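A structural walkthrough
Listed below are the residues making up each chain.
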Amino acid sequence: MTNYSLLLQEAKALLSNATSDKDSTLTKICLLLQTTINHYDWVGFYFANDAEKTLHLKAFAGIPSDHTVIPFGKGICGQVAISNENFVVDDVSAQDSYIACDIHVKSEIVIPLFVNDKNVGQIDIDSNVINAFSEEDAHFLEQLNAAIADLLF
Ligand code: SME
C-alpha cells in the first residue's frame, strides 16, 4: 500500500529545498514517485509553449521517450493541453489518439498543472499494468501539482 500523504510531504520537502533550477527539482520528484509507487513505470512533466502550441518534456524518470515535443491536441497529453481536465486511460490500446512511447505501457494518467488558474503543463504517468490508476492517484497528483505551482512557480 502506498502512503500517498507521506509521499506528498516528501515531495513538498524537495520543493521547499528547491534551487532556481526548476527542471532538476522536477526530475527529483519524478524519481521519487517512480521509485516509490509500483504502478508508476514512467513519470514526466511536460510544459506548454503557447506561441507554438506545443508541449515540451522538461523532466522525467523511466526510459527515455522519443516524444519530447507534442503538439496541442495530439495524444493524451496534447488533449489535456486543450481540455484543462484530468485524463485517465485504463487501456491505451482502446484510445484512438494515443502516442506510444514504450510498447509495455498499458494505462496512463495525465493531470494538468495550473499556475494562477492557467494550464501551464502537466504530469504524465505511464503504467505497465492495465487499469492501474484510481481516484486516489488523481487526487494525489492534483495535490502534488498544486504544491508545485505554489512552491516552484
Ligand atoms: N502517451 C502520451 C505521450 C507521452 S509518453 O507517454 C511519454 C500521449 O499519448 O500523449
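As the structure is a prediction and not an experimental result, all values here were calculated from the model. (Residues numbered from 1 in each chain as written. Predicted model: local features only at pLDDT ≥ 70, side-chain atom pairs only at ≥ 80, totals over all residues. Heavy atoms only, no water.)

Structurally, threonine 25 is set in helix α2 (residues 22–36). The class of threonine 25 is buried, set by a relative accessible area of 3%. If near-sequence neighbours (up to four positions away) are discounted, threonine 25 is found in contact with Leu14, Leu15, Ala18, Thr19 and Leu152. (Helix = DSSP H or I, 4+ residues; strand = E, 2+ residues; numbered from the N terminus. Buried < 20%, exposed > 50% of the residue type's maximum accessible area, 1.4 Å probe, protein only. Contact = heavy atoms within 4.5 Å.)

Right, let's get into the packing of aromatic side chains. Per the stated rule, a full pass over the model turns up five aromatic pairs. Consider the rings of phenylalanine 47 and phenylalanine 153, whose centres lie 5.8 Å apart with planes at 40 degrees: the pair is tilted. Of the two residues, phenylalanine 47 is situated in strand β1 (residues 42–49) and phenylalanine 153 in the segment after α4 (135–152); the sequence distance between them amounts to 106 residues. Note on phenylalanine 153: relative accessible area 41%, which makes it partly exposed. Members of the aromatic cluster, connected to one another through ring pairs, are Phe45, Phe47 and Phe153. The side chain of lysine 22 reaches across the aromatic face of phenylalanine 153, ending 5.2 Å from its centre. (Phe/Tyr/Trp six-rings, centres within 6.5 Å; stacked < 30°, edge-to-face > 60°. Lys NZ or Arg CZ within 6 Å of the ring centre and 35° of its normal.)

A word on the site of the ligand. Residues in close proximity to the ligand total 13 residues, the closest being Ile76, Cys77, Ile99, Cys101 and Asp126. Take isoleucine 99: an N or O atom from its main chain is 2.7 Å from a nitrogen atom of the ligand. Here aspartate 126 contributes a side-chain N or O atom positioned 2.9 Å from an oxygen atom of the ligand. Considering the ligand on its own, with 300 Å² of exposed area, one finds that the protein chains cover 100% of that surface. (Near = heavy atom within 4 Å. Polar contact = N/O pair within 3.5 Å; in protein donor to acceptor, adjacent residues only side chain to side chain. Areas by Shrake-Rupley, 256 points an atom, 1.4 Å probe, with all protein chains shown as cover.)

A word on the nonpolar core. In summary, soluble globular proteins display a tendency toward joint burial of nonpolar side chains. Membership of the largest hydrophobic core comes to 34 residues, with the highest contact counts inside it found for Leu33, Tyr40 and Leu141. Listing elements by their share of this core, those giving two or more residues are α1 (4–16), α2, β1, β2 (54–61), β5 (107–115), β6 (118–127) and α4. The element best represented in this core is α4, accounting for eight residues. Other than its neighbours up to four places away in sequence, leucine 33 contacts Leu7, Tyr40, Val43, Ile123, Phe140, Leu141 and Leu144. Ile70, Ile76, Cys77 and Val80 belong to the second-largest nonpolar core, a separate cluster that totals 16 residues. (Core = buried A, V, L, I, M, F, W, Y, C linked by side-chain atoms within 4.5 Å.)

To continue, consider the environment of aspartate 23. Residue placement: aspartate 23 occurs in helix α2. The partly exposed category is assigned to aspartate 23, whose relative accessible area is 32%. The spatial distance from the C-alpha of aspartate 23 to the C-alpha of alanine 59 is 5.8 Å, given a sequence separation of 36 residues.

Our focus in this paragraph is the sheet that holds strand β4 (residues 87–89). Here we have six strands laid out as an open sheet, ordered β3-β2-β1-β6-β5-β4, and antiparallel in their pairing. With partners counted over all chains shown, the strands left at the sheet margins are β3 (69–71) and β4, one partner each. Ignoring strand direction, the axes of neighbouring strands in this sheet form an average angle of 25 degrees. By the bridge criterion, nine bridges tie β5 to β6 in an arrangement that is antiparallel. The residue of β6 that forms the bridge with isoleucine 109 is isoleucine 125. (Pairing = 2+ DSSP bridges. Axes fitted to C-alpha atoms, helices over the stretch in contact; angles between N-to-C directions.)

Bringing the packing of α1 against α2 into the picture now. Between α1 and α2, the least distance of the axes is 10 Å, while the angle of their chain directions is 160 degrees. Taken together, α1 and α2 sit at an angle that is classed as roughly antiparallel. As for the relative orientation of α1 and α2, their crossing is right-handed in sense. Residues Leu7, Glu10, Ala11, Leu14 and Leu15 of α1 lie in contact with α2, whose contacting residues are Thr25, Lys28, Ile29, Leu32, Leu33 and Thr36. In terms of residue class, the contact of α1 with α2 is built from seven nonpolar, two polar and two charged. (Parallel < 35°, antiparallel > 145°, perpendicular 65-115°, else oblique. Left-handed = near helix turned anticlockwise from the far one by under 90°. Nonpolar A, V, L, I, M, F, W, Y, C, P; charged D, E, K, R; others polar.)

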